[in-house]
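Analysis of the macromolecular model
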Amino acid sequence: VSGQQSVIRYVNFVRMNNMELKQALKFEAQKHIPFSVADVNLDGYILKDNLPDNKMLVLIAAAKKELVNQRLKLIEGLGYRTNIIDIDSIALLNAFNFNYPFEESQEHKAIALLNIGSSMSNLDILDNGIPRLSRDLHIAGNAFTQKIADIFSIDFAKAESLKLNPEKERQNKINAGIESALANLAGEIRTSFDYYESQGVSNVSKVYLSGGGTKFEGIREMLGRLLSIEVEYWDPFKKIKIPEDIDPEKLKKSSGELSVAVGLALRNN
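None of the values given here were measured: they were computed from a predicted structure.

1. A closer look at the layout of surface pockets
Approximately 970 Å³ is the volume found for the largest pocket. Y45, D86, I90, N94 and R267 are, among the 34 residues lining the largest pocket, the residues nearest its centre. Secondary structure elements with two or more residues in the lining of the largest pocket: helix 1 (18-29), strand 2 (40-51), strand 3 (55-64), helix 3 (88-99) and strand 6 (130-137). Looking at which element gives the most residues to the lining of the largest pocket, the answer is strand 2, with 7 residues. When the residues that make up the lining of the largest pocket are grouped by side-chain class, the tally is 19 nonpolar, 11 polar and 4 charged. Considering the residues around the second largest pocket, the lining is formed by 22 residues, among which I8, R9, Y10, L133 and S134 are closest to the centre. Considering each element in turn, the lining of the second largest pocket owes the most residues, 6 residues, to strand 1 (residues 6-14). Looking at the lining of the second largest pocket residue by residue, the class counts come to 11 nonpolar, 7 polar and 4 charged.

Structure (structure tokens):
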């Protein structure tokens with residue numbers, strides 16, 4: 001789940017064990033989430049238990065029961081049983097940390113994960129592999145497509161095809177339109193970076209990119225220019241053994257779209 005009916009917060013608690021956290025969570029969470037605790041499914045996880053002043057860092061995750069029940073009804077109607085419910089941004093960072101467990105933490109720098117979907121983008125900031133900020137941004141691939149549709153006065157489906165398979169004579173206008181929409185997304189990302197960095201912690205040094213909304217040429221370079229930061233793609237299957245009956249080239253072409261799904265699949269309880 002994702003969007004306005006879900007929320008992730010990173011909060012300092014007085015140090016306690018997991019059992020005590022479960023008991024205290026609904027009382028403490030109400031101070032930090034914009035919903036009534038009675039209206040949400042709620043969970044928490046201890047990220048660091050050795051902060052100064054007898055404190056610990058806790059991830060609080062909440063999703064509106066209405067949203068969860070809609071998804072459960074849909075899945076059960078298809079004849080399936082639901083085992084785990086997760087928030088997209090958490091699944092994303094779990095997939096990244098599984099595949100890239102030490103590469104960034106050794107540098108002691110913060111990195112960002114940006115997953116651009118069709119209607120929404122997920123942003124995580126990690127410091128030494130520990131998440132510190134998560135946001136859902138309502139600017140994504142559809143915004144890029146709509147910009148192309150407006151420029152050429154064509155319908156959405158034709159604009160999507162043109163985005164993915166640009167005609168050479170239209171390439172410059174397509175790039176200009178996409179970069180205009182991408183600048184709005186970059187502005188939201190920069191606001192998140194500024195907020196994180198204003199807390200006196202490390203600066204974000206790199207953005208790792210994924211998602212179906214990134215499947216057009218030049219987005220990595222455009223985003224790098226707009227943010228003045230290094231941007232690169234990452235592989236959610238880097239440390240996952242692929243069965244022999246799976247076409248590796250076909251998987252590689254689609255792997256960026258599967259980062260959230262991989263993170264959810266890695267959950268084992």
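2. Looking at the packing of helix 4 (residues 141-152) against helix 6 (residues 171-197)
Their axes nearest at 9 Å, the elements helix 4 and helix 6 cross at an angle of 135°. Judged by the inter-axis angle, helix 4 sits oblique to helix 6. Every pair of crossing elements has a handedness; the one defined by helix 4 and helix 6 is right-handed. For the pair helix 4 and helix 6, contact is made by A143, F144, K147, I148, I151 and F152 and by K173, I174, G177, I178, S180, A181, L182 and L185, respectively. Each residue belonging to the contact of helix 4 with helix 6 can be placed in one class, and the counts come to 10 nonpolar, 2 polar and 2 charged.

3. Observations concerning the environment of V7
When you line up the elements, V7 lands in strand 1. For the pair V7 and G44, spaced 37 residues apart in sequence, the C-alpha to C-alpha distance is 12 Å. Filtering out sequence-adjacent residues up to four positions away, V7 remains in contact with I33, P34, F35, I60, A61, A62 and I87.

4. Thoughts on the sheet that holds strand 7 (residues 204-210)
Pairing in this open sheet of 5 strands is mixed, and the strands run 6-5-4-7-8 from one edge to the other. Bordering the open sheet on either side are strand 6 and strand 8 (230-233), each of which pairs with just one other strand. When the angles between neighbouring strand axes are averaged without regard to direction, this sheet yields 20°. Contacts from helix 3 reach strand 4 (110-116), strand 5 (121-127), strand 6 and strand 7, with the element oriented near 50° to strand 5. The sheet contacts of helix 7 (residues 219-227) involve strand 4, strand 7 and strand 8, and relative to strand 8 the element is tilted by about 155°.

5. A look at a nonpolar patch on the surface
Together, L74, I75, L78 and Y80 make up an exposed nonpolar region whose accessible area comes to about 440 Å². Here L74 shows up in helix 2 (residues 65-77). Overall, the relative accessible area of 55% leaves L74 in the exposed class.

What counts as what
- Residues numbered from 1 in each chain as written.
- Predicted model: local features only at pLDDT ≥ 70, side-chain atom pairs only at ≥ 80, totals over all residues.
- Heavy atoms only, no water.
- 1 Å grid on protein atoms, 1.4 Å probe; cavity = no way out; pocket = protein on both sides within 12 Å on 5 of 7 lines; lining within 4 Å.
- Points joined across faces, edges and corners; volume = space filled by probe spheres on them.
- Helix = DSSP H or I, 4+ residues; strand = E, 2+ residues; numbered from the N terminus.
- Nonpolar A, V, L, I, M, F, W, Y, C, P; charged D, E, K, R; others polar.
- Axes fitted to C-alpha atoms, helices over the stretch in contact; angles between N-to-C directions.
- Parallel < 35°, antiparallel > 145°, perpendicular 65-115°, else oblique.
- Left-handed = near helix turned anticlockwise from the far one by under 90°.
- Contact = heavy atoms within 4.5 Å.
- Pairing = 2+ DSSP bridges.
- Patch = residues over 30% accessible without salt bridge, like charges linked within 9 Å, V, L, I, M, F, W, Y side chains within 5 Å.
- Areas by Shrake-Rupley, 256 points an atom, 1.4 Å probe, with all protein chains shown as cover.
- Salt bridge = Lys/Arg side-chain N within 4 Å of Asp/Glu carboxyl O.
- Buried < 20%, exposed > 50% of the residue type's maximum accessible area, 1.4 Å probe, protein only.

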